[in-house]
Amino acid sequence: MTLRRMKTYTGGQGYVYQYFFVGKRAALPDAPEAPAVEYVFDVTRNRKTTFAVSVFLPDEAVQRWATRHGVR
C-alpha cells in the first residue's frame with residue numbers, strides 16, 4: 001500500500017486547499033501534435049467534498065526544461 005502525502009496550498013482568495021497525488025498516465029497517445037502526461041490529484045477545500053484535478057504536461061515542455069537545466 002502506498003502512503004499518500006497530503007499537501008496544502010493557500011489560494012489568493014484565502015481558501016486553503018488540501019491535495020493528494022493520485023497518479024499519472026499517458027494523455028492523448030494517438031495525437032502526435034500533443035503527446036503529454038496527465039497528472040491526477042484529489043483536491044478538497046473543506047475535507048468533506050473531494051474532486052479530481054488533472055494537470056497535462058506536454059512532452060515537449062519537459063524536453064525543453066531538461067535541455068535548459070542540463071538534465072537528461
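Residues numbered from 1 in each chain as written. Predicted model: local features only at pLDDT ≥ 70, side-chain atom pairs only at ≥ 80, totals over all residues. Heavy atoms only, no water.

What follows covers the sheet that holds strand β1 (residues 7-10). Within a sheet, neighbouring strands are paired by backbone hydrogen bonds and run either parallel or antiparallel to one another. The strand order across the open sheet built from four strands is β1-β2-β3-β4, with neighbouring strands paired in antiparallel fashion. Edge positions in the sheet fall to β1 and β4 (50-58), since each has one partner strand and no second. Sheet twist, expressed as the mean angle between neighbouring strand axes with direction ignored, is 40 degrees. Across nine bridges, strand β2 (residues 16-27) lies against strand β3 (residues 36-44) in antiparallel orientation. In the strand pairing of β3, Phe 20 is matched with Asp 42. Where helix α1 (residues 59-69) meets the sheet, it contacts β3 and β4, and its direction lies at approximately 60 degrees from that of β4. (Pairing = 2+ DSSP bridges. Helix = DSSP H or I, 4+ residues; strand = E, 2+ residues; numbered from the N terminus. Axes fitted to C-alpha atoms, helices over the stretch in contact; angles between N-to-C directions. Contact = heavy atoms within 4.5 Å.)

Before going further, it helps to examine the environment of Lys 7. Assignment of secondary structure puts Lys 7 in strand β1. C-alpha of Lys 7 to C-alpha of Gln 18: the two residues are eleven residues apart in sequence and 5.6 Å apart in space. Sequence-distant contacts of Lys 7, defined by excluding residues within four places in its chain, comprise Tyr 17, Gln 18 and Tyr 19.

Further remarks concern the packing of aromatic side chains. Enumeration according to the criterion identifies four aromatic pairs in this entry. Considering the side-chain rings of Tyr 19 and Phe 41, the 6.0 Å spacing of their centres and the 75 degrees angle between planes classify their relative orientation as edge-to-face. Note that Tyr 19 is positioned in strand β2 and Phe 41 in strand β3, a separation of 22 residues in sequence. Among the aromatic residues, those joined into a ring-pair cluster are Tyr 19, Phe 21, Tyr 39 and Phe 41. A cation over a ring is seen here: Arg 4 above Phe 20, with NZ or CZ 4.4 Å from the ring centre. Taking NZ or CZ as reference, Arg 45 lies 4.4 Å from the ring centre of Tyr 15, over its face. (Phe/Tyr/Trp six-rings, centres within 6.5 Å; stacked < 30°, edge-to-face > 60°. Lys NZ or Arg CZ within 6 Å of the ring centre and 35° of its normal.)

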